[in-house]
Every structure is written in structure tokens, then in C-alpha cells.
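# Structural description and commentary
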Amino acid sequence: MTHILITGASGRLGGAAVRSLLALHPAAELHALVRTPEAADRLVRIGVDARIADYADPLRLAEAFRGIDRLLFVSSPVLDPGERLRQHRAVVAAATSLEHIVYTSIQGAERDPAHSATEAALRARGGTTILRNGFYTEPFVSAALEQARNGSIASATASQPLATASIADLADAAARLVLGSPHEGLLELRGPAWTYAELAAVLGGLLERPVDHRDVAVADAGPFGPLHAAAAAGLLAHQTDDLRLTLGHDPRRIGEVAAEVLADVESAGNASTDGPEKLDDPRARGGRP
């Protein structure tokens with residue numbers, strides 16, 4: 001028996017990983033870490049043991065890790081680097097006796113003090129797979145979909161490509177790695193690159209209406225401005241084979257992700273009139289783990 005704990009299990013990536021693991025591993029050996037009784041109840045309803053603890057609470061973490069063999073450590077969503085690092089150190093300390101850890105880091109972690117320090121601590125510990133996840137595709141698509149309903153989408157990417165990845169693919173990769181033979185090292189997980197011109201064409205086809213793409217200044221790109229600027233500088237174009245090799249098949253392309261996002265939006269609209277919104281939606285509307 002191999003008992004696996006998934007942290008951040010009520011979040012976008014963690015929740016998707018729970019569902020991937022349910023398809024691959026006995027539910028009786030899956031455990032999920034959440035912060036609230038409400039989140040725990042949702043997981044219990046789909047057959048997963050839920051343990052309530054917070055990254056900032058070392059004593060509760062140690063209790064939650066009892067009986068666990070392997071850990072899928074989804075990084076903290078806290079924005080303050082100092083607080084994130086304190087939380088991550090508490091998780092690493094609580095996981096001392098575990099046989100293997102899979103940690104979801106971020107693209108460019110070497111420039112992020114919290115993630116780089118966490119990676120260093122896990123490498124020193126040993127028995128760790130570090131996943132430098134690329135930016136999620138879904139938030140870019142969701143924002144563009146809102147614009148596309150008016151016939152046009154805008155970006156400040158200078159028509160340069162973005163090698164992002166779908167949350168479902170990243171979650172499935174993490175699930176396979178925490179289940180398989182321990183792989184110690186670092187993987188850079190990216191999906192196929194795409195451009196905003198391609199996304200406009202895809203959305204036009206899905207919405208069955210013309211959708212064009214406009215280049216705008218970074219200041220006019222809204223909250224995506226900094227990421228668009230990075231793309232324009234060629235910093236988000238690098239593709240790797242790590243995600244494809246881990247999954248054993250090609251990752252989702254922009255058209256597949258866009259179709260799934262649109263289906264989710266339409267499903268959520270129906271749920272608002274037919275009943276409560278589905279609680280375990282595997283796709284995200286945010287941007288980072």
C-alpha cells in the first residue's frame with residue numbers, strides 16, 4: 001500500500017490532481033490536505049480522506065502527515081515571498097520521513113526567492129521531484145473569451161508565442177510522478193506554444209463569429225500586461241518535452257483548452273439556474289498554483 005497526500009487539494013491544481021489520482025490509485029490510499037471543514041466535506045463526498053491543516057501550522061501539519069508515504073506538495077498561493085517561504089519550510093520539516101515528494105514550483109523559480117529556497121531545501125533533503133510548471137493556459141483563454149464576445153481580443157505580446165500548459169495536464173503529470181518509480185530531479189513542464197492570433201482564430205470558430213486580434217501597449221493589456229511584456233521579450237516561448245514525456249501523450253493545444261474553457265463557462269451558466277455549481281471542476285480560472 002502506498003498512501004499519498006495531496007496538499008492544497010481545494011485549489012485549482014491540487015483539486016485536479018486529486019481527480020487524476022482517483023483514476024489511477026485506490027481511493028482508500030489517497031488523502032487530501034485542506035484548510036476548512038467545508039473543503040474537507042467536498043472531498044469526503046467523492047471518497048477521499050480529508051485532513052485539515054494549514055501550511056502555517058507546523059503541529060497540525062505533522063499530525064496530517066502521519067501514515068503518509070508520498071507527498072504531492074502544491075506550493076502556497078500566498079503572494080508575500082517571506083510568508084510563502086515560512087509556510088514551505090513548515091511543510092518540508094513535517095515531511096522529513098516521507099519516501100518521496102513531488103513539489104510544484106514555477107517557471108523561472110531561480111528568480112523567485114521563496115521557490116528557489118524551497119527547491120534548495122528539497123534538494124538537500126533528497127527524494128524529491130521538482131516540477132517547474134509553466135503558466136496556466138486557462139486564464140489567458142478565459143480573459144480572451146470575455147473580449148471575444150465583442151469581436152476582438154487584444155494583447156501586448158508583439159505576436160510572440162507563449163508556451164503555457166493546461167492545469168489538467170500539469171495535474172495529471174504530477175499525479176503520475178507521485179505514483180511512479182521515484183524520479184529525483186527537476187522537470188520543466190510546458191505545453192505547445194501558441195499566439196494570440198491563433199487564439200483569436202480558435203475563439204472565432206468556437207463562437208461561430210469573426211474574432212480578430214489587436215496589438216496594444218502593455219499599459220492597455222490590463223492585469224496580463226506584465227506577462228504580455230515577458231512574452232514580447234521572448235521569455236515565455238521556450239518549449240520543452242518534459243510534459244509530453246511525463247504524460248505519455250501530447251499535451252493539450254490551445255484549441256483544446258479553449259473548447260474546455262468555453263464548455264465550463266456554459267456549464268457554469270446552466271448551473272446558476274439549475275442548481276448549485278459543481279464543486280469539483282477540474283479546470284481553473286486563476287493563473288498560478
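Here the structure is a predicted model, which is why all the values come from computation and not from measurement. (Residues numbered from 1 in each chain as written. Predicted model: local features only at pLDDT ≥ 70, side-chain atom pairs only at ≥ 80, totals over all residues. Heavy atoms only, no water.)

### Some remarks on the packing of helix H4 (residues 81-94) against helix H5 (residues 113-125)
The geometry of a pair of packed helices is captured by two quantities: the angle between their axes and the separation between those axes. Where H4 meets H5, the closest approach of the two axes is 8 Å, and the angle between their N-to-C directions is 20 degrees. In terms of their interaxial angle, H4 and H5 are classed as roughly parallel. The interaxial crossing formed by H4 with H5 has right-handed handedness. The segment H4 lies against H5, with Pro81, Arg84, Leu85, His88 and Val92 engaging Pro113, Ala114, His115, Ala117, Thr118 and Leu122. Here the residues of the contact of H4 with H5 sort into seven nonpolar, three polar and one charged. (Axes fitted to C-alpha atoms, helices over the stretch in contact; angles between N-to-C directions. Helix = DSSP H or I, 4+ residues; strand = E, 2+ residues; numbered from the N terminus. Parallel < 35°, antiparallel > 145°, perpendicular 65-115°, else oblique. Left-handed = near helix turned anticlockwise from the far one by under 90°. Contact = heavy atoms within 4.5 Å. Nonpolar A, V, L, I, M, F, W, Y, C, P; charged D, E, K, R; others polar.)

### Looking at the nonpolar core
With 53 residues, the main nonpolar core has Leu61, Phe65, Leu71, Leu72 and Phe73 as its most contacted residues. Top element by residues in this core is helix H7 (residues 167-179). It accounts for eight residues. Once residues lying within four places of it in the same chain are set aside, the contact partners of Phe73 are Thr7, Tyr55, His88, Val91, Val92, Ile101, Val102, Tyr103, Thr104, Thr118 and Leu122. The next biggest cluster of nonpolar side chains, apart from the first, holds 24 residues, and it includes Ile153, Trp194, Tyr196 and Ala258. (Core = buried A, V, L, I, M, F, W, Y, C linked by side-chain atoms within 4.5 Å. Buried < 20%, exposed > 50% of the residue type's maximum accessible area, 1.4 Å probe, protein only.)

### Observations regarding helix H8 (residues 196-207)
Every α-helix winds through 3.6 residues per turn, so residues three or four apart in the chain are directed the same way. With 12 residues, H8 should cover 16 Å at 1.5 Å per step; its first-to-last C-alpha distance of 16 Å lies within 8% of that length. Looking only at H8, the buried set comprises Tyr196, Leu199, Ala200, Leu203, Gly204 and Leu207. What you see down the axis of H8 is that its buried residues fit within an arc of 140 degrees, all on one side. Residues Ala201 and Gly205 are exposed on H8 and point more than 90 degrees away from its buried face. A positive backbone phi angle near 55 degrees is found at Glu208, which sits one or two residues after H8. (Expected span 1.5 Å × (residues − 1). Arc of directions from axis to C-beta.)

### Focus on the environment of Leu85
With respect to the helices, strands and loops of the structure, Leu85 is situated in helix H4. On the basis of relative accessibility, which here comes to 15%, the residue Leu85 falls in the buried class. Measuring from C-alpha to C-alpha, the distance between Leu85 and Pro113 comes to 8.1 Å, with 28 residues separating the pair along the chain. Not counting residues up to four positions away in its chain, the partners in contact with Leu85 are Ala114, Ala117 and Thr118.

### Quick word on the packing of aromatic side chains
All chains considered together, the criterion is met by five aromatic pairs. Centre to centre, the rings of Tyr55 and Phe73 are 6.0 Å apart; their planes meet at 90 degrees, and the pair counts as edge-to-face. In this pair, Tyr55 is assigned in the loop between strand E3 (49-52) and helix H3 (58-64) and Phe73 in strand E4 (residues 70-74), connecting sequence segments 18 residues apart. Each member of the pair, Tyr55 as well as Phe73, is classed as buried. With 4.9 Å between their ring centres and 45 degrees between their planes, Phe73 and Tyr103 make a pair best called tilted. (Phe/Tyr/Trp six-rings, centres within 6.5 Å; stacked < 30°, edge-to-face > 60°.)

### Here we look at the packing of helix H1 (residues 12-22) against H7
Axis separation between H1 and H7 bottoms out at 8 Å; the angle between their running directions is 55 degrees. It follows from the interaxial angle that H1 and H7 lie oblique. Between H1 and H7 the crossing geometry is right-handed. Only Ile167, Leu170, Ala171, Asp172, Ala175, Val178 and Leu179 of H7 make contact with H1, whose side of the interface consists of Arg12, Leu13, Ala16, Ala17, Ser20 and Leu21. A breakdown of the residues in the contact of H1 with H7 according to their chemical character gives 10 nonpolar, one polar and two charged.

### Some words on the sheet that holds strand E6 (residues 128-133)
Pairing within the open sheet is parallel, and its seven strands lie in the order E3-E2-E1-E4-E5-E6-E8. Of all the strands in the sheet, the pair left with one neighbour each is E3 and strand E8 (185-189). Shown here is a sheet whose adjacent strand axes are inclined to one another by a mean of 20 degrees, direction ignored. As defined by bridge partners, strand E1 (residues 4-6) adjoins strand E2 (residues 30-34) across three bridges and the pair is classed as parallel. From the neighbouring strand, Ile6 faces E2, where its bridge partner is Ala32. Along the sheet, helix H2 (residues 37-45) contacts E2 and E3; its crossing angle with E3, the most-contacted strand, is approximately 170 degrees. In the packing of H5 onto the sheet, contacts are made with E4, strand E5 (100-106), E6 and E8, and the angle to E5 comes to roughly 160 degrees. (Pairing = 2+ DSSP bridges.)

### Some points on the pairing of E4
With respect to burial, E4 is a largely interior element, five of its five residues being buried. Neither face of E4 is left uncovered, since the one carrying Arg70, Leu72 and Val74 and the one carrying Leu71 and Phe73 both have all their residues buried. Relative to E4, E1 runs parallel, the two sharing three bridges. Across the sheet, residue Ile4 finds its bridge partner in E4, namely Arg70. Summarising the sheet, E4 and E5 pair through five bridges and their orientation is parallel. Bridge assignment links Arg70 to a residue of E5, and that residue is His100.

These values are about where atoms sit, not about what they do.
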